Every structure is written in structure tokens, then in C-alpha cells.
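# Analysis of the macromolecular model
Each chain is listed here by its residues.
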Amino acid sequence: MTETSVSVLGLGVMGSALASAFLRAGHSTTVWNRTQGKALELDGQGGQRAGSVAEAIDASPLVVLCVVHYDAGYQALRAVADQLAGRTLVNLCNGSPRQAREMAAWAGEHGADYLDGGIMAIPPMIGQPDALTLYSGTPEVFQRHRDTLGALGGARHLGPDPGMAALHDIALLSAMYGMFGGFLHAVSLVGSEGIKAGELMPLLEPWIQAMLPALGKAAEQIDSGDYGRDVVSPLAMQAAAFGNFIDSARDQGIRPDLLLGLRGLMDEAVAAGHGEHDISSLVEVIKARK
């Protein structure tokens, strides 16, 4: 076992990409998976196959967990939890801030340092400069392993609270899914008239690009709490017109589900006195539901 050795638990598509990146960077890499077949794919790259979780943990000071969810992580680790003492557990499972904080406490109870992470990349990007992984947990622990973790791509530490990586991961993915939701609704709408999705793209892509700067303005309004500054389209006006989006979807024979939640928030915000404010004021209604 050396300071630059790493063990990867979980060899799904992402876990395999992580292990490959560590190997390409020259790190001694031990791998374990519940089913051994996936480990075979890494043999030719120099990966060391562990016959058990205990064997994998014993091989490295840095243990990277990448399984389907936190429950699967506990299932893999509980029986050998005492072996984590003196090691660093880096959890790259997707989950909630609460789950991250709970696992950090659990790891600490068993003598392990802990970092939680959120991978902001798809498997083919891992190891490339554009791949970004967010980490949170004790800063000294992150600094100790920063060079090794850098094999995966960019590494950004978000502070000592172990829940921060998961929080930012979910926030960024939420914005992404909102974009995909709007895209799917838009192509379904034109598709109802036989227009192919690709035919819409020359109009849709520049439109989305043109709207991106509006997010920066909205962020400033949200941070200042001043939603009435430089308003071009008052929320009450937008809410009044938004019924057309719902009616058009139904008239074209597609489901308006992706828009109904937004319409409800608009109506609620107008009723709460935000009618003359910008659409960024919806944050106040969303916060009120916490």
C-alpha cells in the first residue's frame, strides 16, 4: 500500500471510468465489484482485482465508493466498517445533503476521514480537463488527496460541511433537468405538426443562448431581494399569458405537465404581491414551501 494507491468500490459505467482514469494517471488501483465480470474489463489496464470489499480497503489509504446509491454503499461497507479506520472514504454516489452528512458521521464513528463528492460529468469525460468533481468535507483531507483525485479531472472543494457537494450537485442537475424539460416540451409541441426536433434546433439553440445572460440578472435580484429593479416583463403579465402555453399544449394533443407546476407558482406569487416584480421573485414562493 502506497500513498498514491486507490481502491474503487463499484464498477458500473461511472465506477469503471473512475478506475480507468486512476490507472492512466499511474496510480496503483485496486477494484471491487459485487459481480466479478466487470472487474475483468480493467485487468488489461493494470487494475488489481480484489476478491472482497475487505481486501480492497486493505490495499489503499484512499477508498472511492461509486455505487448506485447510499444504501448500496452501506451494504458494501457495514460488515468491514472497522477496516476503514485510518483511511479516507470518498463517496461519489449521487444523493442528498442529508445522506452525505449522515455517511460522514458514520465514517467518523469508524475512524475514517470522509469526503463527499458530486461528479459533474458523464463517464466518457472522466479524466479529461472538462470533467469536474465537487468535493466537501475537511479541507486538510481534501488537500492530502487532491493530486490523486485530480486524475479524474477538475477537483473543486466547497468547504468543510460534507453536505455541500451533494447540495451543489443536485442544484446543478436540477437546472439541467429544467432545461431538458423545456426542450422536450418544445419539440413535442412542434412535433404535433410533423416538424422534426432537428428542424427546431436552428431556432432553439440561439434563443437559449440569448436568454442565458438573464440568469445573471435574476441571480443579482435574488441575492439583493430587489425584484422590482429593471423589470421588463412583470410577473402578472407573464402569468396572464401563461395560460396560452397550457391551452396550446392541450390543443396540440400533448401533455402540459411540465408547465403546470410553473404556472401554479406564478399564480401563487402574483397573489402574494409579486405581480409587478420580475420572474425571479418566484424564489420567494419556492422558499416559503421549505
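Report follows, based on the coordinates.

About the criteria used
- Residues numbered from 1 in each chain as written.
- Predicted model: local features only at pLDDT ≥ 70, side-chain atom pairs only at ≥ 80, totals over all residues.
- Heavy atoms only, no water.
- Helix = DSSP H or I, 4+ residues; strand = E, 2+ residues; numbered from the N terminus.
- Buried < 20%, exposed > 50% of the residue type's maximum accessible area, 1.4 Å probe, protein only.
- Areas by Shrake-Rupley, 256 points an atom, 1.4 Å probe, with all protein chains shown as cover.
- Expected span 1.5 Å × (residues − 1).
- Salt bridge = Lys/Arg side-chain N within 4 Å of Asp/Glu carboxyl O.
- Pairing = 2+ DSSP bridges.
- Right-handed = clockwise from strand over helix to strand, strands pointing away.
- Core = buried A, V, L, I, M, F, W, Y, C linked by side-chain atoms within 4.5 Å.
- Contact = heavy atoms within 4.5 Å.
- Polar contact = N/O pair within 3.5 Å; in protein donor to acceptor, adjacent residues only side chain to side chain.
- Axes fitted to C-alpha atoms, helices over the stretch in contact; angles between N-to-C directions.
- Parallel < 35°, antiparallel > 145°, perpendicular 65-115°, else oblique.
- Left-handed = near helix turned anticlockwise from the far one by under 90°.
- Nonpolar A, V, L, I, M, F, W, Y, C, P; charged D, E, K, R; others polar.
- Disulfide = S-S within 2.5 Å.
- Phe/Tyr/Trp six-rings, centres within 6.5 Å; stacked < 30°, edge-to-face > 60°.

## Quick notes on the overall build of the protein
The helix and strand inventory of the protein stands at twelve helices and eight strands. Residues classed as buried in the protein amount to 42% of the 290 residues present. For the protein, the accessible area works out to roughly 15,200 Å², and carbon and sulfur atoms hold 57% of it.

## Focus: helix H10 (residues 235-251)
Across its 17 residues, H10 extends 25 Å between first and last C-alpha, which sits within 8% of the 24 Å expected from 1.5 Å per residue. Burial in H10 covers these residues: Leu-235, Ala-239, Phe-242, Gly-243, Ile-246 and Ala-249. Immediately beyond the C-terminal end of H10, within one or two residues, lies Gly-253, with a positive phi of roughly 80°.

## Concerning the pattern of salt bridges
For the structure on display, the rule yields eight salt bridges. For the salt bridge of Asp-278 with Lys-217, the shortest nitrogen-to-oxygen distance reads 3.5 Å. Of this pair, Asp-278 sits in the loop between helix H11 (257-274) and helix H12 (282-288) while Lys-217 sits in helix H9 (residues 213-224), and the two are 61 residues apart along the sequence. Relative accessible area serves as the criterion here: at 11%, Asp-278 is assigned to the buried category.

## With respect to the pairing of strand S8 (residues 154-157)
Moving residue by residue along a regular strand, the side chains alternate between the two faces of the sheet. Judged from the four bridges that link them, strand S7 (residues 132-137) and S8 form a sheet pairing that is parallel. Note on S8: the bridge partner recorded for Leu-132 is Gly-154. You can see the chain leave S7, run along helix H6 (residues 139-149) and come back into S8, and the turn it takes is right-handed.

## What to know about the nonpolar core
Leu-18, Val-64, Leu-92, Ile-126, Tyr-135 and Leu-152 are the most contacted members of the largest nonpolar core, which totals 29 residues. Secondary-structure elements contributing two or more residues to this core are strand S1 (6-9), helix H1 (13-24), strand S4 (62-65), strand S6 (113-120) and H6. At seven residues, the largest contribution of residues to this core is made by H1. When neighbours within four sequence positions are excluded, Leu-18 is seen to be in contact with Val-64, Cys-66, Leu-92, Ile-119, Ile-126 and Leu-152. Of all hydrophobic cores here, the second largest spans 28 residues; its members include Tyr-70, Leu-77, Ala-81 and Trp-106.

## Some remarks on the side chain of Gln-221
Along the chain, Gln-221 falls in helix H9. With a relative accessible area of 2%, Gln-221 lands in the buried category. Separated by 3.3 Å, the side chains of Gln-221 and Asp-278 make a polar contact. Once you skip the residues sitting within four places of it in the chain, Gln-221 turns out to touch Asp-226, Tyr-227, Arg-229, Asp-278 and Ser-280.

## Structural notes on the packing of helix H7 (residues 164-191) against helix H8 (residues 197-211)
Two quantities define a packed helix pair, namely the angle between the helix axes and the distance between the axes. Closest axis-to-axis distance for the H7/H8 pair is 9 Å, and the angle between their directions is 120°. Here H8 runs oblique to H7, going by the angle between their axes. Crossing hand, H7 versus H8: right-handed. Residues Phe-183, Ala-186, Val-187 and Val-190 of H7 form the contact with H8, whose own contacting residues are Ala-197, Leu-200, Met-201 and Leu-204. Counted by class, the contact of H7 with H8 contains eight nonpolar, no polar and no charged residues.

## Some words on unusual backbone geometry
The phi angle at Asp-230 is positive, at roughly 55°, despite the residue not being glycine. Inspection of the secondary structure puts Asp-230 in the loop between H9 and H10. Its relative accessible area of 56% is what places Asp-230 among the exposed residues.

## Topic: the state of the cysteines
Going through the model one piece at a time under the given rule, you end up with zero disulfides. In this structure Cys-93 is not part of a disulfide, and its nearest cysteine sulfur, from Cys-66, lies 6.3 Å away.

## As for the packing of aromatic side chains
Two aromatic rings are characterised by how far apart their centres lie and by the angle between their planes. Under the defined criterion, the tally for this structure stands at three aromatic pairs. Arranged with centres 5.6 Å apart and planes meeting at 40°, the rings of Tyr-135 and Phe-142 form a pair that is tilted. Using a relative accessible area of 0% as the deciding quantity, one classes Tyr-135 as buried. With a relative accessible area of 1%, Phe-142 lands in the buried category. Geometrically, the ring pair formed by Phe-242 and Phe-245 is stacked, given 4.7 Å between the ring centres and 15° between the ring planes. A residue pair is termed a helical-turn pair when its members lie 3 or 4 positions apart in one helix, as Phe-242 and Phe-245 do in helix H10 at three residues.

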